[in-house]
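Summary of the model geometry
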Amino acid sequence: MTHSSTSRHAGEVKAMAGEPRWEAAQSAIREGLVTSARTMGVENPQTWIEVMEPTEEGHGDFTSSAAFRLSKVLGQSPAVIARRLVGGWPAGPMIERMEVAGPGFINFWLDRHWLAGELTEAVTRADTYGIRAARGERVLIEFVSANPTGPLVVVNGRAAALGDSLARIFQANGYAVDREFYVNDAGQQLQKLGQAMAIRLRELAGDPLPDPWPEGVYPGEYVRDLAEAYRALTPDWAEHALDAERTEALGAFCADRLRRQQEQELERFGVHFDRWFSERALREAGAPERMVAELEGRGVLYREDGAVWFRSAQFGDQKDYVVVKSNGEFTYVVPDAAYHTDKFERGYDIIIDLLGPDHHGYKRRMQAMMTALGLPAERLEMQIIQLVRLLRGGKVVRMSKRGGDFVTLAELIDEVGVDPARWFFLERSADTPMDFDLDLAQMKTQDNPVYYVQYAGARIHSVLRAYQGLAANDPEAIDPAAFRNPLEHALIRDVARLPAVLRRAGEQRAPQLIVHYLAEIAGHFHGFYRQHRILEEAPAVRRARIELIRAVLVVITQAMGVIGVSVPERM
RNA sequence: GCGCCCGUAGCUCAGUGGAUAGAGUGACGGACUUCGAAUCCGGAGGUCGUAGGUUCGAAUCCUACCGGGCGCACCA
């Protein structure tokens, strides 16, 4: 299985030249309406006029409700205004017809012959179709950032799929993107991990396990594997287990191993991080101290009950909170704020954090801190990823950390595979809790939308293989008049829409739009395929249909590329 | 109690302030002498949680309430 776009990085992406026809048409329609409105005496018409893709098929390729808004300004009925807007329209090559419909909507149908030119555009550009020119803006996406205290779990997979896909979408839109993982390899976590390690080492030395198990210490069996690794590497391992001074070092050993294990699992999932940002390094460089001094200098701290508080309530948070505990330790927000400051200092235009579902209060707090520090907090976007429940046989799979319950990302990938896992995670928007149906994800039938799309790709590959022997007899030029039926037109439209879909998915940070687009285009293709022949037609029709399915394959491959799902040539 | 997110077809979910709210799935009926049936074609299914408000127009924005998820530490 190949992920053709996995290795693609922003620097290597070549942009498409010239504006895509779909968006060119949308701009032209908007400009035409604006010009019309101006001649009708409307001031600043661009503020009133919107051109959108209608939800319903019978309403054209684009629609505008400008007449309704303008009726306020002009004091005429929407229907009258719509007719005036459309009258005297300079008929260009791109628009086939327009109509005033209902109480005042204006609907536009693009010229099919003109739009069909986009097919050849897609076929020749292939893996640069839909990709924008570099725009000189940089995006940082931080995601997963799981604690290095155990293997990745299922919800980390959801974050991984979303973050990586968002990154790919931004890249397609011409941004330079960095993927970053923040490693919480410091503080209390390391102590607890070190304690768990000491217990496991003593277990290897023949001591009984403590009873009861100490509060907060990781009980997971994976620590035993790490203890065995440590034993193999360290002659004095048995003494280290008893040395309280070494607890943190033991924890660091584990954290390092677990971090690398997480990295491997993520690579297997098709997700590569450009930077693993260490909290420990941040602390060792004195960043938390500098952060507190900076806040102090800005006069936003005060002392109470032996602790140091931040006046977050002045910056939009619900209440003030502690930054330095009475025992002198920093609370976790201090290194986190230092980390975010570092992100700003690195000069990113957009900074995105994908956070776990236990971070609802965090968002406002971090925003308050950035504001207090005089940083442009609006550039920092924090998106909460909601929980994932696993279903098997229609029932919720319990995900307790004990025993052999199904909890890790690795197990999920083993069971359903990378492609269905990524697809299912991306199918739903991030801010709503999701159910992951294990049975459905494994079905290799029409029930499973992943295979539905992949099957479309495989069918096209199959036809193209069969076409190789016939190609010599066909004309080189495409005759757009050969496209006569609705499903062909729908597919031409789908191909032409890809750049706009990618743009919108980026603007809305919504990979699920890509998933829905793919399901739609696959549906159109399967319908077309069952209804019409390709190879048995006369040369001109055959040639046109070959161009069509090649273009469809291009957009399927491109769209699957940005969600990180493969398009196998055979299934 | 406070905050964030969510209530849309039996189920899982889309939906950019616009027209008659859409897919998939489930159940039922049909379609391979064919380039791949992992496919296609049918009809059925709705007080968009409730009540107000803003608007020419609300599933979408505002307010209140009802129901659900998750947060609200000198934890991370």
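Structure shown above.
Reference entry: report on the structure contained in this document. (Residues numbered from 1 in each chain as written. Chains lettered and ligands numbered in written order. Predicted model: local features only at pLDDT ≥ 70, side-chain atom pairs only at ≥ 80, totals over all residues. Heavy atoms only, no water.)

Description of helix H9 (residues 247-268)
Definition in use: Each helix is a run of DSSP H or I of at least 4 residues and each strand a run of E of at least 2, with the numbering of both proceeding from the N terminus. Expected span of a helix, by definition, is 1.5 Å for each gap between consecutive residues, and there is one gap fewer than residues. Relative accessibility thresholds used throughout: buried, under 20% of the residue-type maximum; exposed, over 50%; partly exposed, between the two (1.4 Å probe, protein chains only).
Taking 1.5 Å of rise per residue, the 22 residues of H9 would be expected to cover 32 Å, and the 32 Å separating its terminal C-alpha atoms lies within 8% of that figure. Within the sequence span of H9, burial applies to Thr 247, Leu 250, Gly 251, Ala 252, Phe 253, Cys 254, Ala 255, Leu 258, Arg 259, Gln 262, Glu 265 and Leu 266. Following H9 by one or two positions, Gly 270 has its phi on the positive side, about 85°.

Considerations on the environment of Asp 474
Within the secondary structure, Asp 474 sits in the loop between helix H17 (449-467) and helix H18 (486-507). Accessibility expressed as a relative area gives 11% for Asp 474, which makes it buried.

Topic: the nonpolar core
Inclusion rule: Among the buried residues, those of types Ala, Val, Leu, Ile, Met, Phe, Trp, Tyr and Cys that are joined through side-chain atoms within 4.5 Å form a nonpolar core. Residue ranges labeled as domains rest on an automatic or database domain assignment. Two residues form a contact once any of their heavy atoms are found within 4.5 Å.
Ranked by size, the top nonpolar core spans 123 residues in total, and within it Val 144, Leu 412, Phe 425, Phe 436, Ile 514 and Ile 563 carry the most contacts. Of the residues that make up this core, three or more belong to each of domain 1 (21-114) and domain 3 (446-563). The contact partners of Phe 436, leaving out residues within four places of it in the chain, are Val 388, Arg 389, Leu 390, Leu 391, Leu 412, Val 416, Pro 420, Ala 421, Phe 424, Phe 425 and Ala 441. Judged by nonpolar contacts, the second largest core, of 35 residues, contains Ala 338, Ala 372, Leu 373 and Ala 377.

Overview of the sheet that holds strand E8 (residues 307-310)
Rules: Paired strands, as defined in this entry, are two strands with at least two bridges between them according to DSSP. Orientation is described by lines fitted to C-alpha atoms, with helices fitted over the stretch in contact, and by angles between N-to-C directions that extend from 0 to 180 degrees.
Pairing is antiparallel across the open sheet formed by three strands, whose spatial order is E7-E8-E9. Pairing within the sheet leaves two strands with one partner each, and these edge strands are strand E7 (301-304) and strand E9 (321-324). On average, adjacent strands in this sheet sit at an angle of 45° to one another, irrespective of strand direction. The sheet strands contacting helix H11 (residues 287-297) are E7, E8 and E9, and the helix crosses E7 at an angle near 100°.

Concerning the pattern of salt bridges
Here is the rule we go by: Salt bridge, as used here, is a side-chain nitrogen of Lys or Arg placed within 4 Å of a carboxyl oxygen of Asp or Glu.
Counting across every chain of the model gives 42 salt bridges. The closest approach of N and O atoms between Arg 280 and Asp 185, which form a salt bridge, is 3.8 Å. On the criterion of sequence distance, the pair formed by Arg 280 in helix H10 (residues 279-284) and Asp 185 in the loop between strand E5 (176-183) and helix H6 (188-204) is long-range, its members being 95 residues apart. Accessibility expressed as a relative area gives 27% for Arg 280, which makes it partly exposed. The class for Asp 185 is buried, based on a relative accessible area of 7%. Among the ionic pairs, Glu 520 bridges to Arg 497, the shortest N-O distance being 3.9 Å. Highlighted residues: Glu 520 in helix H19 (residues 512-531) and Arg 497 in helix H18, separated in sequence by 23 residues. Counted as one network, the salt bridges with shared partners bring together Arg 21, Glu 118, Glu 121 and Arg 125.

Honestly, it's all geometry; don't read function into it.
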